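Structural overview for review
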Amino acid sequence: MLIRDVVSWNAMIAGYVKSGYACQAVELFWRMQQESIEPNEKTFICVLMACAPPVSIEEAALIHTFLSMYSFESDIHVGNALIGMYLNFRLLNDAYFVFKHMTMKDVVMWTSMITGYSDNGRWDEALNLFQRMLQESVIPDEVIFLSVLSACASLYSLRFGLMVHSIIINAGIDLNPFIGSSLINMYAKCGNLHLVHRVFEQIPFKDTVLWTAIVSGYEQQSEYGKALQVFDDMLATSINPNEFTFVSVLNACTGVASLDLGMIVYSNIVESGIECNMHIASALIDMYGKCGNEEDMCAVFVCLPITDTVVWNAIIDGLAQHGNSESTFQYFKQMKHHGLEVDSMTFVGLLSACNHAGLVDEGLYYFYSMLVDDEIKPSIEVYVCLIDILGRAGQLESAYALTWKLPLEYSMSLYTPLLSSCRIHSNLDVATRVGESMIKLHPQRESTYVLLSNVHALKPMRAALGTFDFDS
DNA sequence: TTAGGGTTAG
């Protein structure tokens, strides 16, 4: 072009951003300044959108400083792009600082800030902000409800979710697949499958995402049969499953431990022409692992690029479940060697390998290495494994002492494996103490009484065996 | 002719 005006530059920058070339977009922005083309609001909006890793925060801050020289900061679109930029770097306080100082806030800006909190696990603050928005008489639209419902789902808050649903109805928002799948996801996460079904029936047009939301909802609530049935219903329509659908369906096959079904679903994936991404791969590894086909589990793994923590966690856990403790440790070593990030799920696999092989010292070693070398906060699943390792090795008092160091909300998940260990070691003393605590916490839970009675049933058997002369 | 927020998965 012989003459390039601000619109040409904006179009170029926007094009680069939309195609994922963030660094080049920022470069173009600086070139534009060198050529003394005056930027406008739209220029800043485009370039701020490019400000996300791998662009550095220093360069992003420089663009913010540059922006301050113009009078665009009060522009609502620019303000929102600025909030979005800080959220891209997970700088929630900086984003909120910009948000707080905007004199005009529209529903889009509230959505950005709410999504920012929600995406960073600060769900309570997301919902508080939504309430504040309503108090300030901002009219919510369809999009903001999607973010708010996602926060309700993450909090498993049926109370708030129901309230939001009623606001949606009162606001006259269309029950389309977007709102429908968010509602289904929320009700499923809150465990209300009756409402999941009701919302699903109410949505007149059902697309792939809506079908996937209901399949995934049933699967996550361990209603594997229903998930498979709904998937079957979906196949009878003209709506095609996508990667997300297949992941949930594979999980449902794993849930019912059906290798045959899992293999049929795998052939469906291949037929559909959908590429096997990391989500599908890890679901597949998990399915083969839990359905007892170690060979195919490893065959899937070796075809994948070495890039993804979750895939490695899946194979480590799969090998551990098959009792291959040596291979499990080898894979962990390789994972570290390749510089992959490890997380608490990695250690769940490692510890369950130690558990199956009765390797107490190794289990403790990996546990401490997780705390000290990798500085990872152990998940409740890690503690369950650790207590199981100690318990099976007969270190029941140590295991029992550990349960006291953890928050009460986790106690039931920790006591259950401990009580089983008491049974293995016929330790009535610890069993009685654990059982009493469990009954105090959940007197209605029948499984506790069954476990406890199993431990007590050993008493006469042990007494009888005590009189038996094994040597002769 | 250039611009801001969103649904389902490991």
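As the structure is a computational prediction, the values presented were derived from the model and not from experiment.

**A word on the protein's contact with DNA strand B**
Of all residues adjacent to DNA strand B, which total 45 residues, the nearest are Asn10, Lys18, Ser181, Phe244 and Asp308. Each atom of DNA strand B within 4 Å of the protein was assigned to sugar, phosphate or base; sugar and phosphate come to 35%. At a separation of 2.7 Å, a base nitrogen of DNA strand B approaches a polar side-chain atom of Asp106. Measuring from a base nitrogen of DNA strand B, one finds a backbone N or O atom of Met278 at 3.1 Å.

**Quick word on the environment of Ile76**
Tracing the backbone through its elements, the reader meets Ile76 in helix 5 (residues 76-88). The spacing of Ile76 and Val196 is 120 residues in sequence and 37 Å in space, taken between C-alpha atoms. Ile76 has contacts with Met102, Met104, Lys105, Asp106 and Met109, leaving out every residue within four places of it along the chain.

**As for the packing of helix 11 (residues 177-189) against helix 13 (residues 208-220)**
Following both chains from N to C, one finds helix 11 and helix 13 inclined at 0 degrees, their axes separated by 9 Å at the closest point. As far as their axial angle goes, helix 13 and helix 11 are roughly parallel. When helix 11 is examined against helix 13, the residues Pro177, Gly180, Ser181, Ile184, Ala188 and Lys189 are found in contact with a partner set consisting of Val209, Leu210, Ala213, Ile214, Gly217 and Gln220. Residue classes in the contact of helix 11 with helix 13 are distributed as 7 nonpolar, 4 polar and 1 charged.

**What about the nonpolar core?**
Core analysis: the biggest nonpolar cluster contains 160 residues, and Phe44, Val164 and Ile285 have the highest contact counts within it. Residues within four places of Ile285 in sequence aside, it is in contact with Met297, Val300, Phe301, Leu304, Val311, Ala314 and Ile315.

**As for the packing of aromatic side chains**
Working definition: an aromatic ring pair is given by the centre-to-centre distance plus the angle between the planes. Under the criterion given, the structure shown has 25 aromatic pairs. Relative to Tyr366, the ring of Tyr365 lies with its centre 5.2 Å away and its plane at 65 degrees, an arrangement referred to as edge-to-face. Given a relative accessible area of 52%, Tyr365 falls into the exposed group. Ring pairing ties together the aromatic residues Phe29, Trp30, Phe44, Phe66, Tyr70 and Phe72, which thus form one cluster. Its end group placed over the ring of Phe99, Lys105 keeps NZ or CZ at 5.2 Å from the ring centre. Taking NZ or CZ as reference, Lys206 lies 5.1 Å from the ring centre of Phe200, over its face.

**A word on the pattern of salt bridges**
In the structure shown here, the tally under the stated rule is 7 salt bridges. In this structure, Asp429 engages Arg433 in a salt bridge whose closest nitrogen and oxygen atoms are separated by 3.1 Å. Here Asp429 and its partner Arg433 are both found in helix 26 (residues 428-441), 4 residues apart, which amounts to about one turn of the helix. By relative accessible area, which is 47% here, Asp429 ends up partly exposed.

**A word on the state of the cysteines**
A full pass over the atoms with the stated rule returns 0 disulfides. Counting only cysteine sulfurs, Cys303 is the nearest neighbor of Cys276, a cysteine outside any disulfide, at a range of 8.8 Å. Between Cys298, a cysteine without a disulfide, and Cys303, which holds the nearest cysteine sulfur, the sulfur-to-sulfur distance is 11 Å. Taking relative accessible area as the criterion, Cys298 reaches 23% and is therefore assigned partly exposed.

**Notes on the UniProt feature "repeat: PPR" (unreviewed entry) in chain A**
Under the UniProt annotation, "repeat: PPR" (unreviewed entry) lies at residues 5-39, 106-140, 207-241 and 308-342. Across residues 106-140 one finds 74% helix and 0% strand; the C-alpha atoms that close the span lie 9 Å apart. Across residues 207-241, helical content stands at 71% and strand content at 0%; the span's end C-alpha atoms are separated by 9 Å.

**As for helix 19 (residues 309-321)**
Taking 1.5 Å of rise per residue, the 13 residues of helix 19 would be expected to cover 18 Å, and the 18 Å separating its terminal C-alpha atoms lies within 8% of that figure. Here helix 19 lies mainly inside the structure; 11 of its 13 residues are buried. Thr309, Val311, Trp312, Asn313, Ala314, Ile315, Ile316, Asp317, Gly318, Leu319 and Ala320 are the residues of helix 19 that are buried. On its buried side, helix 19 packs onto helix 17 (278-290), helix 18 (294-302), helix 20 (325-337) and helix 21 (344-357). Two to three positions downstream of the cap, the backbone nitrogen of Val310 sits 3.1 Å from a side-chain oxygen, assigning the N-cap of helix 19 to Asp308. In the stretch just after helix 19, Gly323 is the one whose phi turns positive, near 80 degrees.

**Structural notes on the side chain of Ser421**
Summarising the element assignment, Ser421 is placed in helix 25 (residues 411-424). The residues contacting Ser421, other than those within four sequence positions of it, are Asp388, Gly391, Arg392 and Leu396.

Each value, and the rule that gives it
Residues numbered from 1 in each chain as written. Chains lettered and ligands numbered in written order. Predicted model: local features only at pLDDT ≥ 70, side-chain atom pairs only at ≥ 80, totals over all residues. Heavy atoms only, no water. Near = heavy atom within 4 Å. Polar contact = N/O pair within 3.5 Å; in protein donor to acceptor, adjacent residues only side chain to side chain. Helix = DSSP H or I, 4+ residues; strand = E, 2+ residues; numbered from the N terminus. Contact = heavy atoms within 4.5 Å. Axes fitted to C-alpha atoms, helices over the stretch in contact; angles between N-to-C directions. Parallel < 35°, antiparallel > 145°, perpendicular 65-115°, else oblique. Nonpolar A, V, L, I, M, F, W, Y, C, P; charged D, E, K, R; others polar. Core = buried A, V, L, I, M, F, W, Y, C linked by side-chain atoms within 4.5 Å. Buried < 20%, exposed > 50% of the residue type's maximum accessible area, 1.4 Å probe, protein only. Phe/Tyr/Trp six-rings, centres within 6.5 Å; stacked < 30°, edge-to-face > 60°. Lys NZ or Arg CZ within 6 Å of the ring centre and 35° of its normal. Salt bridge = Lys/Arg side-chain N within 4 Å of Asp/Glu carboxyl O. Disulfide = S-S within 2.5 Å. UniProt positions renumbered as here; feature names shortened; annotations may be inferred. Expected span 1.5 Å × (residues − 1).

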